[in-house]
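Observations on the three-dimensional arrangement
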Amino acid sequence: MNKTKEIKSVKTGIFPRQLEDEAIYIMREVAAQFERPALLFSGGKDSITLVRLAQKAFYPGKIPFPLVHVDTEHNFPETVAFRDKLAAELGVELIVRSVADSIKEGKAKEETGKYASRNALQTVTLLDTIEEFKFDACIGGARRDEEKARAKERIFSVRDDFGQWDAKKQRPELFDMLNGKIDVGENVRVFPISNWTELDVWTDIKEEEMEIPSIYFSHQRPVFNRDGMIWADSEFINKTPDEIPYEATVRFRTVGDMTCTAAVASEADNIDWIIEEILAAEISERGARIDDKRSEAAMEKRKQAGYF
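Since this is a predicted model, take the numbers as computed values, not measurements.

1. Section: the confidence of the model for the protein
- Put simply, the protein has an average pLDDT of 87, and 84% of its residues get 70 or more.
- Scored below 50 in pLDDT, residues 6-12 shows 13 contacts in the model against residues more than four places distant or in partner chains.

Below is the structure:
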């Protein structure tokens, strides 16, 4: 039986074009003010949106900076395949660095136990990648509505020569003036869609008819229950004997490392249906990210250490 839900265009999901104009302006400022920028790309919806914005910002030329992925090697295979496909189609340089290599080199330590994850270990690999390629600006898809620590960020967020973030030392950004002046060793994290919401991202994906990984749409897969959430069954997750896998119809609202990203029960197999779910949701998309729940200030502590 075809379960596709017939939904008329969602009238409340109207994309505000000034957000796109602002993001394109920011992209161009990055190219103008920095010598070696990069776009951090995970294969998720936010970084896919950034790539489309970069295409628009520099059309008819190519995107003038590489895509960089810090791969935990515990990522969803659907997003890794999409990453490679998109980079090849656009003819953009793709730089991939692995958390597994950082572990082998003794720079990061593999976590153990029930909630073990490589997500936080990405910081080590990211900082090494920035040093290796001497990137002075890294563009990312973080948004202020995701999590309270994200709301403290500036559009141009300065990191010191250790890659660390200090909320008290960020510059004011008045009248759309973006100050990219940095000292030797410092770098800037740039957030062109900081003022967007989850709904804005999905509405833009719809209007631009962007291709996105299949796991954002309803599908069947082996899952198990943990802490009141639905997890994709994976060899990377340390399950307990009572965590028995079963088949379920789910989709992923946010995409990260498989060890820290929960699914949601859903039959939404088209973007209008997804938008309708978002409008009815009572928790943010980061509510499905277990790494944010480790402590009240989990995200802020990771950001202070150099996490994106």
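So much for the structure itself; the text now carries on.
2. Notes on the packing of aromatic side chains
- Under the defined criterion, the tally for this structure stands at five aromatic pairs.
- For the pair F133 and F135, a centre-to-centre distance of 5.4 Å together with 15° between the ring planes defines the contact as stacked. For the pair formed by F133 and F135, the shared burial category is buried.
- For K239, the ring lying beneath its charged end belongs to F224, and the centroid distance is 5.8 Å.

3. Details of the sheet that holds strand β1 (residues 37-40)
- If you trace the six strands from one edge of the open sheet to the other, you get β3-β2-β1-β4-β6-β5, paired in mixed fashion. The strands lining the two open edges of the sheet, one partner per strand, are β3 (94-98) and β5 (156-159). For this sheet, the mean inter-axis angle between neighbouring strands, taken without regard to orientation, is 30°.
- Relative to β3, strand β2 (residues 67-71) is paired through five bridges, and the arrangement is parallel. In the strand pairing of β3, H69 is matched with V96.
- In the packing of helix α2 (residues 45-58) onto the sheet, contacts are made with β1, β2 and β4 (137-139), and the angle to β1 comes to roughly 140°.
- Strands in contact with helix α3 (residues 77-90) are β2 and β3; relative to β3, the strand with the most contacts, it is inclined by about 155°.

What counts and what doesn't
- Residues numbered from 1 in each chain as written.
- Predicted model: local features only at pLDDT ≥ 70, side-chain atom pairs only at ≥ 80, totals over all residues.
- Heavy atoms only, no water.
- pLDDT = per-residue confidence, 0-100.
- Contact = heavy atoms within 4.5 Å.
- Phe/Tyr/Trp six-rings, centres within 6.5 Å; stacked < 30°, edge-to-face > 60°.
- Buried < 20%, exposed > 50% of the residue type's maximum accessible area, 1.4 Å probe, protein only.
- Lys NZ or Arg CZ within 6 Å of the ring centre and 35° of its normal.
- Pairing = 2+ DSSP bridges.
- Helix = DSSP H or I, 4+ residues; strand = E, 2+ residues; numbered from the N terminus.
- Axes fitted to C-alpha atoms, helices over the stretch in contact; angles between N-to-C directions.

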